Structure formats: C-alpha cells, structure tokens
Amino acid sequence: MSVHESEPIRRSVEVEYWVVDEAGRLVEPGALVDATPGAEREFVEPLLEVKTTPCETATELHEELLDRLGDVLRRADDLGKRLVPLSTPVNADEISELPSDRTRIQNRVVGDDFEYVRHCAGTHIHVEQQPGRAIDQLNALIAVDPALALVSSSPYFRGRRLADSARSKLYRWMAYNSVPHQGWLWSYLEDAEEWDRRLERRYDDFVTAAIDAGIDRRTVAANFDPESAIWTPVQLRDEFGTVEWRSPDAALPSRVLRLADDVASLMDHLRGTKVRIGGATGGVTDEEIVLPEFDAVLDYANDAIRDGVSADVAAYLDRMGFDVDAYDPVSPTFDRAEPVTEGEAREIRLEHADRLQDDVRQAAPVALD
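Residues numbered from 1 in each chain as written. Predicted model: local features only at pLDDT ≥ 70, side-chain atom pairs only at ≥ 80, totals over all residues. Heavy atoms only, no water.

### Observations regarding the overall build of the protein chain
Turning to step 1, where the next piece is worked out: Across its full length, the protein chain carries 11 helices and 12 strands.
Turning to step 2, where the next piece is worked out: Compactness check: the protein chain gives a C-alpha radius of gyration of 20 Å against a globular reference of 21 Å for 369 residues, within 12% of the reference.
Turning to step 3, where the next piece is worked out: Structurally, the protein chain occupies a C-alpha span of about 55 × 55 × 40 Å along its principal axes.
Turning to step 4, where the next piece is worked out: When the 369 residues of the protein chain are sorted by exposure, 56% land in the buried category.
Turning to step 5, where the next piece is worked out: Taking the contacts inside the protein chain whose residues are at least 6 apart along the sequence as the reference set, 73% of them involve residues at least 24 apart.
Turning to step 6, where the next piece is worked out: Just so you have it, the protein chain exposes about 15300 Å², and 44% of that area is on carbon and sulfur atoms.
Turning to step 7, where the next piece is worked out: Across the protein chain, 41 positive and 73 negative side-chain charges occur, with their mean positions spaced 4 Å apart. (Helix = DSSP H or I, 4+ residues; strand = E, 2+ residues; numbered from the N terminus. Rg over C-alpha atoms; globule rule 2.2 N^0.38 Å. Buried < 20%, exposed > 50% of the residue type's maximum accessible area, 1.4 Å probe, protein only. Contact = heavy atoms within 4.5 Å. Areas by Shrake-Rupley, 256 points an atom, 1.4 Å probe, with all protein chains shown as cover. Lys, Arg positive; Asp, Glu negative; His and termini not counted. Charge placed at Lys NZ, Arg CZ, Asp CG, Glu CD.)

Structure below.
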C-alpha cells in the first residue's frame, strides 16, 4: 500500500437551512452568520449555510458540524429564530435575493425560470481527490447519485406536490431548461482533459447567453469562471481539490453525516479497488466496483427524484453499498391535503425546526473510526 493509500481521505460538508421566526415566517439570518466559523449567507435572503473544514475522520466531521450548528442554534434562540431542514419552504411566493452581479447575470441568462432556484436548500458533500483516481471518484459519485433519495426532505413547491425531491426536479428539469446541460447530471468521464473540455464548452455557452442577454463580457468574466458557471450535480473542484456531490436535499444533520460517511467509505474502498463500467445493475464487492452504464444511472436517478426510495432504487443502492434501511427520508412522510396553505407551511417549518434542534441535541459524537 502506498503512502497516500494509507492516509485518511478528507471530507467536508456544506448544509443550507431556511431561517424562520417563532411564527414560522421566512426571515433573514442576521447575526446568525457571526455565531460560528463557516456560517455564511446564501444568495437568497432567508437561507443560512454552515460549512465545515476538511476533516480526516468521520468523528472529526461529526463533532465539527454539530458544534457549529449548536452555536448557531444557541444564537438563534437568543434572537427568536429557528433553522428548518427542508429542501423547499413548502409554500412561499416570492423569495428575495441578495443583490449581487452574480445573481443579476444568472437572472438575465436563465430568465424567469431562475425563480425555481430561489426555493431550494441543499447539502454539498466534498471528498478529497486521490492522486490518479479523481476520475474514478467522480464517476462513482455520478453512479450513486440516486442516493439523493435517502435524504429527500420536501416534495412541495408552492404548496403542491412536485416530486419526492422537489428541489432536484426544480433544478434539473425546470430551472435550467433554457441553458442546456448546465444543471443536468453529466455522463461519465474518460479523463481530466475531457472534464476541462466540457467546462470550457459550457462556459462558452454561458458567456454567449449572457452577452445575448445584454451583459458585458468583462462583467461575466469578473463574476464567473468555467468552474463556477456550472451547476451539474457532481463536479471536480480544482479550487478545493475535491470531488463535490451537490444533489442531496437539506436534511437533518444526523442524516447528512450518515450520507457523508457512506460516500467517504465508498471513496476509501475505491482507492484499492478496480472500477469498471458495464451493464445496468452495478455493484460493490471486495474485488471491484461496477458502475452501471450511464443511461441506467440516469433511469435510477430520475426514479429517485420522482418517487424516492422505490424498490428498484433501494435494490440498486443496496448493491452499491448503502444501508438503505438506516435512513429515514422525510418526503414520504408528508400526507397533507393540497394545496398546503401558507399557514400550514409555517406550522410544518416549525415542526421540522424542532426536529433539527432535537437532532443536534441527541446526536452526541461517537467514535466512528
């Protein structure tokens, strides 16, 4: 075993949560951004993002995320605010953006469909790129993209059921239809050079669309580069030296951490295991990791977005090494009559804010490594 194969793979997470007041109304984070390192504003007013640093072990990641969220929750209690771990606000009309050139450009390029993105809160999981295996890592994360269903947390958009993961449908099938390929799941890669070529093509498309929409080329270049101009769910991130998975919904911290652990375990297994692509079933064994052909992955992912952990999706994720029964996604538990009113949406937000507080309080770090 080489030195780098024996070293821990660093991982980090970014979680986004809606901020509400004690009546469940969406509000700005305000002083919550000063409650802990890693707390930041998102591009819409009522969202707060909490990031961890790169952590070498599951225990370290658990402790850091829970400590930071605990700090935020204590400050929120002082301010009469709550955090809501749902991927959409259930029912909200207009969600205001923070003014910036980036969002102004995106609104001009994407057009009216950009409103769909304003209703989305998600989770990003970063895993450190391994020397010589980054493409295998990226392809493996593309293959397990259907695992997004394990933490799906809201089926609603503006009070009506949209899909098991409303957020993924909003992103992939509604927001970026006018900018082809930007928000879709991309197919497997042969090598890093192919990734660079794809980025450049998509960036050229984006710049052209921005210029056609009346944005000066220099303004676009000052706010976007090829890496930051795409929204595909699985990405190689040169800036951070990671492979990033952006598909999961906002979810309870314990669920986010379980998912991050499972992803890191797959990446660790990959370091000493052959990876190949073939067939439609896929599977992880001690000897090899078999990724299904991309069309099969896309079918699984689309099923996961529409219907959640269906029998086929569950069987696939089990073959890929996930303990499906260990998860408890929220979306399938919603059974409200539609449309869910704004008042009912406020009640739902407060209910899930309570669940987040209980989750942080109960999820005492344990020795996982």
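### A word on the sheet that holds strand 11 (residues 283-284)
Two strands in a sheet stick together by hydrogen bonds in their backbones, pointing the same way (parallel) or opposite ways (antiparallel).
Turning to step 1, where the next piece is worked out: One open sheet accounts for three strands, arranged 10-12-11; its pairing is mixed. On the outer flanks of this sheet lie strand 10 (274-277) and strand 11, each paired with one strand and no other.
Turning to step 2, where the next piece is worked out: The sheet contact formed by strand 11 and strand 12 (residues 288-291) spans two bridges and is antiparallel. Looking at the pairing, Gly283 lines up with Val290 of strand 12.
Turning to step 3, where the next piece is worked out: Running at roughly 115° to strand 12, helix 8 (residues 253-271) makes contact with strand 10, strand 11 and strand 12 of the sheet. (Pairing = 2+ DSSP bridges. Axes fitted to C-alpha atoms, helices over the stretch in contact; angles between N-to-C directions.)

### A look at the packing of aromatic side chains
Turning to step 1, where the next piece is worked out: Counted under the stated rule, the structure contains 10 aromatic pairs.
Turning to step 2, where the next piece is worked out: Measuring from centroid to centroid gives 5.7 Å for Tyr116 and Phe157, while their planes differ by 70°, and the two rings are edge-to-face. Taken together, the residues span a long stretch of sequence, with Tyr116 in the loop between helix 3 (101-110) and strand 5 (123-128) and Phe157 in strand 6 (residues 156-157) at a distance of 41 residues. Each member of the pair, Tyr116 as well as Phe157, is classed as buried.
Turning to step 3, where the next piece is worked out: Judged by centre distance (6.1 Å) and plane angle (75°), the rings of Tyr188 and Phe294 are edge-to-face. Within this pair, whereas Tyr188 is found in the loop between helix 5 (166-175) and helix 6 (192-212), its partner Phe294 is found in helix 9 (residues 294-307), the two being separated by 106 residues in sequence. Take Tyr188 and Phe294: they sit in the same class, and that class is buried. (Phe/Tyr/Trp six-rings, centres within 6.5 Å; stacked < 30°, edge-to-face > 60°.)

### Digging into the pattern of salt bridges
Turning to step 1, where the next piece is worked out: Tallying each qualifying case throughout the model produces 31 salt bridges.
Turning to step 2, where the next piece is worked out: A salt bridge links Arg41 to Glu28; the nearest nitrogen and oxygen atoms lie 3.0 Å apart. Placement of Arg41 in strand 2 (residues 39-41) and of Glu28 in the loop between strand 1 (11-21) and strand 2 is noted, with a sequence separation of 13 residues between them.
Turning to step 3, where the next piece is worked out: Accessibility expressed as a relative area gives 29% for Arg41, which makes it partly exposed.
Turning to step 4, where the next piece is worked out: Classification of Glu28 by relative accessible area gives partly exposed; the value is 35%.
Turning to step 5, where the next piece is worked out: Between Arg158 and Asp93 there is a salt bridge, and its shortest N-O distance comes to 3.8 Å. Highlighted residues: Arg158 in the loop between strand 6 and strand 7 (160-161) and Asp93 in the loop between strand 4 (81-84) and helix 3, separated in sequence by 65 residues.
Turning to step 6, where the next piece is worked out: When its relative accessible area of 30% is taken as the criterion, Arg158 is described as partly exposed.
Turning to step 7, where the next piece is worked out: Judged by relative accessible area, which is 53%, Asp93 ranks as exposed.
Turning to step 8, where the next piece is worked out: The structure contains a network of salt bridges with shared partners spanning Glu227, Arg237, Glu239, Glu244 and Arg246. (Salt bridge = Lys/Arg side-chain N within 4 Å of Asp/Glu carboxyl O.)

### Quick word on the pairing of strand 5
Turning to step 1, where the next piece is worked out: The element strand 5 is extensively covered by neighbouring structure, given that five of its six residues are classed as buried.
Turning to step 2, where the next piece is worked out: Relative to strand 5, strand 1 runs antiparallel, the two being bridged by five bridges. Bridge pairing in strand 5 places Glu14 opposite His124.
Turning to step 3, where the next piece is worked out: Bridge analysis of strand 5 against strand 9 (residues 242-245) gives four bridges, and the strand direction is antiparallel. The residue bridging Val127 from the neighbouring strand is Val243, located in strand 9.

### A short note on a negative patch on the surface
Turning to step 1, where the next piece is worked out: On the surface, a cluster of negative charge is made up of Glu190, Asp191, Glu193, Asp196, Glu200, Asp204 and Asp238.
Turning to step 2, where the next piece is worked out: Along the polypeptide, Asp196 turns up in helix 6.
Turning to step 3, where the next piece is worked out: The partly exposed category is assigned to Asp196, whose relative accessible area is 40%. (Patch = residues over 30% accessible without salt bridge, like charges linked within 9 Å, V, L, I, M, F, W, Y side chains within 5 Å.)

### Some words on the environment of Asp261
Turning to step 1, where the next piece is worked out: Turning to its location among the elements, Asp261 is positioned in helix 8.
Turning to step 2, where the next piece is worked out: A sequence separation of 30 residues divides Asp261 from Leu291, and the C-alpha atoms of the two residues are 20 Å apart.

### Regarding the side chain of Asp21
Turning to step 1, where the next piece is worked out: In this fold, Asp21 is placed in strand 1.
Turning to step 2, where the next piece is worked out: Side chain to side chain, Asp21 and Arg25 meet in a polar contact 2.9 Å long.
Turning to step 3, where the next piece is worked out: If near-sequence neighbours (up to four positions away) are discounted, Asp21 is found in contact with Val27, Gly80, Lys81, Arg82 and Leu350. (Polar contact = N/O pair within 3.5 Å; in protein donor to acceptor, adjacent residues only side chain to side chain.)

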